[in-house]
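Residue-level listing of the chains:
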Amino acid sequence: MEKIAFLGLGAMGLPMARHLLASGRSLTVWNRTAAKAAPLAGEGATVAASPAEAVRDADVVVTMLADAPAALAVADEIVPALRPGTHWIDTSTIGPDAVRELAGRLPAGVTLTDAPVMGSVDRAANGGLWVLAGGPLPGPVAEVLDLLGEVTRCGPAGSGAALKLVLINAAIGGVALVAESLELGRTLGLPEELLRAELAKGPLAGAVARAYSDVAHFPVRLAAKDVALATALAPLPVLEAVHDALAGRTDLADRDLSAVRTR
């Protein structure tokens, strides 16, 4: 059985790691804030004191980190400790350029699969994520990804990260549009219950459901980060406006994206 190292135990990483542990895998975990690893220690995981210690004996390494700078900083620590034959899966949302930079740092005999995920903490906890896999998919990697959810093979390295930017920005833009539609309706004197019901009958049905979700946790500050990754790559005036709106809501920074529908 493969030894798995899981680095990054934030809102998404913790339930993902817990799900892997519950599947019977041997799991070593690390998090920059060590206290977040404590619950998993009580469930049978080994807690490492550093990223390098976490990956030293691992067959598969999974990272779930907040952004590209965090991923690159962790790479500085783990790359010298990766053994030939180790498989690294990065599930963070960092964009294809950062994925290619990570791949360029790999020692001989180590593979990197970019496998960002769609879905929030509820799906992370039960293995119901939508996994977007780019790059090599050797057996041990495929086995771990299958535990996390439904896997879509996207193509060469970076393609999973690229598709994630497309899908997450469509989702964020949809929620932003629902929020503005609700605001327009309220301004016109229409009750929110009516607005929600009728919007849910049209093409924005999925965005309406996400805008009213009470089981997801995707902080507004991370949504703004994901939109910024997209707008840096192409002229996207609508998403640029969405980014400005999200970045301007500092009062909502750590709240779920659904909070943008409130005044």
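The shown structure was predicted, so the numbers you read here are calculated from the model rather than taken from an experiment.

Student: Describe the overall build of the chain, and please don't skip the residues or the numbers.
Tutor: Summing up its helical and strand segments, the chain has twelve helices and nine strands in all. Taking 18 Å as the expected radius of gyration for a compact globule of 263 residues, we find that the chain reaches 19 Å, a close match to that expectation. Principal-axis analysis of the C-alpha atoms gives the chain an extent of 65 × 40 × 30 Å. A total of 263 residues make up the chain; the buried ones form 48% of that total. Put simply, 62% of the contacts in the chain that link residues at least 6 apart link residues at least 24 apart. When the accessible surface of the chain is totalled, it reaches about 11,600 Å², and 59% of it is carbon and sulfur.

Student: Outline the layout of surface pockets, listing residues and values.
Tutor: A volume near 1,200 Å³ is recorded for the largest pocket. Lining the largest pocket are 47 residues; nearest its centre among them are M12, H217, F218, P219 and L222. Considered class by class, the residues forming the lining of the largest pocket number 24 nonpolar, 13 polar and ten charged. In this structure, the second largest pocket spans a volume of roughly 370 Å³. If you trace the second largest pocket, you find 18 residues lining it, with A176, L177, A179, E180 and A245 closest to the centre. Elements supplying a minimum of two residues to the lining of the second largest pocket: α8 (159-187) and α12 (237-247). For the lining of the second largest pocket, the element with the highest residue contribution is α8, accounting for seven residues. Considered class by class, the residues forming the lining of the second largest pocket number ten nonpolar, two polar and six charged.

Student: Quick one: what's the story with the pairing of strand β5 (residues 87-90), residue by residue and with numbers?
Tutor: Residues of β5 alternate between two faces, with H87 and I89 on one and W88 and D90 on the opposite face, all of them buried. As judged from the four bridges shared by strand β4 (residues 60-63) and β5, these two strands associate in the parallel manner. Its bridge partner being in β5, V61 is matched across the sheet by W88. Taken together, β4, helix α4 (residues 68-78) and β5 form a β-α-β motif whose crossover is right-handed.

Student: Could you give me a rundown of the pattern of salt bridges, with the residues and numbers involved?
Tutor: Scanning the entire structure with this criterion turns up 14 salt bridges. Across the pair R83 and D59 runs a salt bridge whose closest N-O atoms are separated by 3.7 Å. Pair noted here: R83 is in the loop between α4 and β5 and D59 is in the loop between α3 (51-55) and β4, with a separation of 24 residues, a long-range link. Each of E183, R186, E192 and R261 takes part in salt bridges that share partners, so that together they form one network.

Student: Please give an account of the side chain of N31 that cites residues and values.
Tutor: Examined against the element boundaries, N31 turns out to sit in the loop between β2 (26-30) and α2 (38-41). Looking at N31, its side chain comes within polar contact range of the main-chain nitrogen of L9, at 2.7 Å. A polar contact of 2.9 Å, which involves the side chain of N31, links it to the backbone oxygen of T33. Excluding residues that lie within four positions of it along the chain, N31 makes contacts with G8, L9, G10 and K36.

Student: So what's going on with a nonpolar patch on the surface? Residues and values would help.
Tutor: A surface patch of nonpolar side chains, amounting to about 380 Å² of accessible area, comprises L184, L188, L190 and L194. Take L184: its relative accessible area is 52%, and that puts it in the exposed class.

Student: Mind laying out helix α7 (residues 139-148), listing which residues take part and the relevant values?
Tutor: For α7, every residue scored as buried is listed here: V141, A142, V144, L145 and L148. Seen along its axis, α7 keeps its buried residues to an arc of 165°; they face one direction.

Student: For the UniProt feature "domain: 6-phosphogluconate dehydrogenase NADP-binding" (unreviewed entry) in the chain, give the residues involved together with the corresponding values.
Tutor: When the UniProt feature table is mapped to this numbering, "domain: 6-phosphogluconate dehydrogenase NADP-binding" (unreviewed entry) covers residues 3-136. The distance from the first to the last C-alpha atom of residues 3-136 is 19 Å, and the span holds 34% helix and 24% strand.

Student: Now, about the packing of α8 against helix α11 (residues 220-231): what can you tell me, with residues and values included?
Tutor: Helix-helix packing is described using two parameters, namely the angle between the two axes and the distance between the axes. Between α8 and α11, the least distance of the axes is 10 Å, while the angle of their chain directions is 125°. Judged on the interaxial angle alone, α11 and α8 are oblique. Judged by the sense of rotation from one axis to the other, the crossing of α8 with α11 is left-handed. Contacts from L165, I168, N169 and I172 of α8 reach α11 at A223, D226, V227, L229 and A230. Split into classes, the residues belonging to the contact of α8 with α11 amount to seven nonpolar, one polar and one charged.

What counts and how
- Numbering of residues starts from 1 in every chain and runs along the sequence as written.
- For a predicted model such as this one, the threshold for reporting local features is a pLDDT of at least 70, and the threshold for listing and counting side-chain atom pairs is 80 or more; totals across whole chains, interfaces and linings nevertheless cover every residue.
- Remark: hydrogens and water are excluded; side-chain values derive from all non-hydrogen atoms of the structure.
- Strands here are runs of E lasting at least two residues and helices are runs of H or I lasting at least four, both read from the DSSP assignment and numbered beginning at the N terminus.
- Radius of gyration means the value over C-alpha atoms here, while the globule rule gives 2.2 Å times the residue count to the 0.38 power.
- Exposure classes here rest on a 1.4 Å probe applied to the protein chains alone. A residue is buried below 20% of its type maximum, exposed above 50%, and partly exposed in between.
- Should any heavy atoms of two residues lie within 4.5 Å, those residues are considered in contact.
- Per-residue and other accessible areas follow the Shrake-Rupley method at a 1.4 Å probe size, with only the shown protein chains counted as cover for residues.
- Only protein atoms enter the 1 Å grid, on which a cavity is a set of points fitting a 1.4 Å probe that cannot get out and a pocket is an open set with protein on both sides within 12 Å along at least 5 of 7 lines, lining residues being those with an atom within 4 Å of a point.
- Grid points are joined across faces, edges and corners, and a volume is the space filled by probe spheres set on the points.
- Under the grouping applied here, Gly and all other residues not named as nonpolar or charged are polar, the nonpolar ones being Ala, Val, Leu, Ile, Met, Phe, Trp, Tyr, Cys and Pro and the charged ones Asp, Glu, Lys and Arg.
- Here, strands pair whenever DSSP counts at least two bridges between them.
- By convention, orient the strands away from the viewer: a clockwise path from the first strand over the helix to the second makes the crossover right-handed.
- The term salt bridge refers to a side-chain nitrogen of Lys or Arg lying within 4 Å of a carboxyl oxygen of Asp or Glu.
- Distance and chemistry together define a polar contact, namely a pair of N or O atoms within 3.5 Å, with one atom able to donate a hydrogen and the other to accept it when in protein, and with adjacent residues in sequence counting only for side-chain atoms on both sides.
- Only residues whose relative accessible area exceeds 30% and that form no salt bridge are eligible for patches; like-charged ones are grouped when within 9 Å, while nonpolar side chains (Val, Leu, Ile, Met, Phe, Trp, Tyr) are grouped when within 5 Å.
- The arc in question is the one traced by the directions running from the helix axis out to the C-beta atoms.
- UniProt positions are given in the numbering used here, feature names are shortened, and annotations may be inferred rather than shown by experiment.
- Axis lines are fitted to C-alpha atoms, over the contacting stretch for helices. Their N-to-C directions set the angle, which ranges from 0 to 180 degrees.
- Our angle categories are set so that under 35 degrees counts as roughly parallel, over 145 as roughly antiparallel, 65 to 115 as roughly perpendicular, and the remainder as oblique.
- By the definition used in this description, the sense in which the near helix is turned from the far one sets the handedness, with an anticlockwise turn below a right angle giving left-handed and a clockwise turn giving right-handed.

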